[in-house]
Amino acid sequence: MTDTRQSEADRPDAALLPPVNVIEDKEGITLYADLPGVPKEKLKLQIEGDSVTIEGELALDVPEGLEVTHAEVGLPIFRRVFTLSKELDPNKISAELANGVLTLRIPKAEYAQPRRIQINSA
Amino acid sequence: MYRTLFPRDVFAELDRLQRELTQAFDLSPNIRGLARGSFPAINVGSTAKSVDIYAFAPGLEPGSIDVQLEKGVLTIAGERKPTAPSGDEKATVHIDERFAGRFRRVVSLPDDVDPNAVTANYRDGLLHVSARRNEASQPRRISIQ
């Protein structure tokens, strides 16, 4: 799984890059992404070929006439694109969003799962 | 002889270059993402009736966030646990960018905030603290007699 920052910078519409953790174990890869303020309805996960796009829009309940005096989050959109490697199975991705953290589980294709090979003595 | 090698005003050129660089970085916040080292990121806004603080603090239990207001200073504190290990000894961490550990952020509120009328709610990893301003300090139109 590689981070495709380059293709992201080429896009004309600016977005925040959400911080992620990527952990690989025997059966697959787990990705955690911080998407604070993004409700389930505003989260878009797109798998296209071997690339996974995470895109979320902030939904703040802003009172009328709010004047922003200090902003560390300057854009209302999070976006990040990852490229999957061959042994990962894009058809079996599962996703969960809880308290603003997205958890993506991408299992490895069956042929790529580790196997112990039995040695037969002749 | 040497003069011709340089633009007419080197310092003006350097200045321009620096300005352009600053501008270029400001226009592309996607590379920097959220400022690291300051968790949670905070946006503050105000209206005539209230002061609103938005803390972007994903992945917390609402009960574990400590929000305190003392002498006009609002403190948001808590702890974010590191991602639970999957129990697999051979698990490899490829990217580790998310904040883990204890955090504390402090915002000083304006004097006209009513300390008894502060509400906080946590949804989708976003903490919204709203502090109402005193009735007396809200803008009023004074009629001319």
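None of these values were measured; they are calculated from a predicted model. (Residues numbered from 1 in each chain as written. Chains lettered and ligands numbered in written order. Predicted model: local features only at pLDDT ≥ 70, side-chain atom pairs only at ≥ 80, totals over all residues.)

Caption draft 1: Examining the sheet that holds strand E2 (residues 20-24) of chain A more closely. Read from one edge of the open sheet, five strands run E8(A)-E9(A)-E3(A)-E2(A)-E5(B), paired in antiparallel fashion. In the strand order of this sheet, the two ends are held by strand E8 (94-98) of chain A together with strand E5 (92-96) of chain B, each with one partner. Direction aside, the axes of adjacent strands within the sheet are offset by 15° on average. Here seven bridges tie strand E3 (residues 28-34) of chain A to strand E9 (residues 101-107) of chain A, and the two strands are oriented antiparallel to one another. By the bridge assignment, A:Gly28 is partnered in E9(A) with A:Pro107. (Pairing = 2+ DSSP bridges. Helix = DSSP H or I, 4+ residues; strand = E, 2+ residues; numbered from the N terminus. Axes fitted to C-alpha atoms, helices over the stretch in contact; angles between N-to-C directions.)

Caption draft 2: Focus on the sheet that holds strand E7 (residues 113-123) of chain B. An order of E6(A)-E1(B)-E2(B)-E8(B)-E7(B) is seen for the five strands of this open sheet, with the pairing classed as antiparallel. Looking at strand neighbours, the two that pair on one side only are strand E6 (67-71) of chain A together with E7 of chain B, the edges of this open sheet. The sheet shows a mean angle of 20° between the axes of neighbouring strands, taken without regard to direction. Where E7(B) and strand E8 (residues 126-133) of chain B come together, seven bridges link them in antiparallel fashion. Paired with B:Tyr122 across the strands is B:Leu127, a residue of E8(B).

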